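# Observations on the three-dimensional arrangement
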Amino acid sequence: MTAEITIAYEDVYKRFDAPVLSGVSLSVMRGETISILGTSGTGKSVLLKTTIGLITPDRGDVKIDGESVYHSSGTRIRDLRKTVRYVFQYAALFDSLNIFDNVAMGLEPETIKSLDKNVMLERIATSLENVNLDPRKVLSKLPAELSGGMRKRVGLARAIVGEPRIILYDEPVTGLDPVNSATVNRLIMSIAERTKVTSIVVTHDVEGALEMSHRVALLDNGKLRFIGTPDEFRRSEDPLVMAFADRQAAARAALKLIEHEAGDEDNESGSPHAVSIGV
Ligand SMILES: Nc1ncnc2c1ncn2[C@@H]1O[C@H](COP(=O)(O)OP(=O)(O)OP(=O)(O)O)[C@@H](O)[C@H]1O
Ligand SMILES: [Mg+2]
């Protein structure tokens, strides 16, 4: 990983009926994997969508390699956005297209036109193999014929087939059982290691995020409440971070203990307190 900034969110604001993003700034370095955590409805998907113009910020800017994806020339914006792939929440495959065609959607139309049919087949097959799917078994199947975990992996194959420089993953493991979640998380890591792609992963899988990311961010109330390494996240004393780090029970216990100790000091009669630390 070099110190070059690949994606820069600069003071991004967005409101719909109510404010959603209220000044989010974040720099993602080249080759870095950052996970974004936050409760439902905090604007994680909205933030990801501002990267490629699916949602336009009210204020602020988003830059790729130092160039604005909003204020550059039309062709330049298109070129910048072409370097990004977005893995949508719920895989978002086309139900009526087979797996070959679904993965081919990850290629630019001009690439499809210029590629020899066999070369294209090989690229699609390789992308499927890279997400542990057997092309011979799945290429001609429809999405409905695959399991949820396999569909998510097809979504990953579609993201990598165009050899993007940036991949944005919106909840890649939501709805998967722990085994399939771990598989998809490992694939995201191996894609990042093999292709040096810069990745942002929006996820509710905190353990997975801490394992696979260089840094973790916590979005709360329209702002980044925390940004740091997984170790810093685990050590943070911020109660919200602690709750996300699954130390909710420990935090509650600590609070009860503090209340108990304060009660002791006030307790002139010395009558015993019922101690319940709730863990
Ligand atoms: N296109 C839109 N039009 C109007 N409101 C929107 C739109 N997109 C998102 N919102 C609102 O913005 C807020 C943030 O939504 P967002 O989808 O980013 O949440 P999230 O953090 O991704 O939640 P989840 O974890 O459930 O996916 C929500 O209140 C949502 O209703
Ligand atoms: Mg979302």
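Residues numbered from 1 in each chain as written. Chains lettered and ligands numbered in written order. Predicted model: local features only at pLDDT ≥ 70, side-chain atom pairs only at ≥ 80, totals over all residues.

## What to know about the overall build of the chain
- What the chain contains, in helices and strands, is 11 helices and 10 strands.
- Within the chain, the fraction of its 279 residues that count as buried is 37%.
- Residue pairs at least 24 apart in sequence account for 65% of intrachain contacts in the chain once pairs closer than 6 positions are excluded. (Helix = DSSP H or I, 4+ residues; strand = E, 2+ residues; numbered from the N terminus. Buried ≥ 20, exposed ≤ 12 C-beta atoms within 10 Å, placed from the backbone. Contact = placed C-beta atoms within 7 Å.)

## Some details on the nonpolar core
- With 65 residues, the main nonpolar core has Leu47, Ala157 and Leu168 as its most contacted residues.
- With 6 residues, the single largest contributor to this core is helix H7 (residues 148-160).
- When residues of this core are assigned to domains, at least three map to each of domain 1 (1-83 + 164-236) and domain 2 (98-162).
- Setting aside its immediate chain neighbours within four residues, Ala157 contacts Val103, Ser127, Leu128, Val131 and Leu133. (Core = buried A, V, L, I, M, F, W, Y, C linked by C-beta atoms within 7 Å. Domains from an automatic or database assignment.)

## Here we look at the pairing of strand E1 (residues 5-15)
- Direction of pairing for E1 relative to strand E2 (residues 19-29): antiparallel, over a ladder of 8 bridges. Note that in E2 the partner of Arg15 across the bridge is Pro19.
- As consecutive antiparallel partners, E1 and E2 are separated by 3 residues.
- Sheet topology note: the E1/strand E4 (residues 59-64) ladder contains 5 bridges and is antiparallel. What sits directly across from Glu10, in E4, is Asp61. (Pairing = 2+ DSSP bridges.)

## A word on the packing of H7 against helix H8 (residues 178-195)
- Close contact between H7 and H8 brings their axes to 10 Å; oriented N to C, the two are set at 10°. Between H7 and H8, the angle falls in the class roughly parallel. Read as a crossing pair, H7 and H8 show a hand that is right-handed. Contacts between H7 and H8 involve Gly149, Lys152, Arg153, Leu156 and Ile160 from the former and Asn180, Thr183, Val184, Leu187, Ile191 and Thr195 from the latter.
- In terms of residue class, the contact of H7 with H8 is made up of 5 nonpolar, 4 polar and 2 charged. (Axes fitted to C-alpha atoms, helices over the stretch in contact; angles between N-to-C directions. Parallel < 35°, antiparallel > 145°, perpendicular 65-115°, else oblique. Left-handed = near helix turned anticlockwise from the far one by under 90°. Nonpolar A, V, L, I, M, F, W, Y, C, P; charged D, E, K, R; others polar.)

## A look at the sheet that holds E2
- Across the sheet, 4 strands lie side by side as E2-E1-E4-E5; this open sheet has antiparallel pairing. Two strands close off the open sheet at either side, each with one partner strand: E2 and strand E5 (67-68).

## What about the site of ligand 1?
- Phe16, Val20, Gly38, Ser40, Gly41, Thr42, Gly43, Lys44, Ser45 and Val46 make up every residue found near ligand 1.
- With 3 residues, the top contributor of residues to the shell around ligand 1 is helix H1 (residues 44-50).
- By residue class, the composition of the shell around ligand 1 is 3 nonpolar, 6 polar and 1 charged. (Near = placed C-beta within 6 Å.)

## Digging into the sheet that holds strand E7 (residues 166-170)
- With respect to topology, 6 strands assemble into an open sheet ordered E6-E7-E8-E3-E9-E10, the strand pairing being mixed. The open sheet has two edge strands with one neighbour each: strand E6 (84-87) and strand E10 (223-228). Ignoring strand direction, the axes of neighbouring strands in this sheet form an average angle of 15°.
- As paired elements, E7 and strand E8 (residues 198-202) share 5 bridges and run parallel to each other. Each residue of the ladder has a partner; that of Asp170, found in E8, is Val202.

## Section: the confidence of the model for the chain
- Taken as a whole, the chain shows an average pLDDT of 86; of its residues, 87% reach a score of 70 or greater.
- Counting interchain partners and residues more than four positions distant, the pLDDT-below-50 stretch residues 266-279 has 14 contacts. (pLDDT = per-residue confidence, 0-100.)

## Looking at H7
- Spanning 13 residues, H7 covers 19 Å between terminal C-alpha atoms, matching the ideal 18 Å at 1.5 Å per step.
- Of all 13 residues in H7, 11 are buried; the element is thus mostly enclosed.
- On its buried face, H7 sits against E6, helix H3 (99-104), helix H5 (117-129), E7 and H8. (Expected span 1.5 Å × (residues − 1).)

## Details of unusual backbone geometry
- The phi dihedral of Glu163 falls on the positive side, at around 50°, and the residue is not glycine.
- With respect to the helices and strands, the residue Glu163 is situated in the loop between H7 and E7.
- One non-glycine residue, Lys196, adopts positive backbone phi at about 60°.
- Relative to the helices and strands, Lys196 is located in the loop between H8 and E8.

## So, the environment of Leu210
- Along the chain, the position of Leu210 falls in helix H9 (residues 206-212).
- The class of Leu210 is partly exposed, set by 19 C-beta atoms lying within 10 Å.
- Between the C-alpha atom of Leu210 and that of Phe233, which follows or precedes it by 23 residues, the distance is 8.3 Å.
- Those residues in contact with Leu210, other than ones at most four positions away along the chain, are Val216, Pro230 and Phe233.

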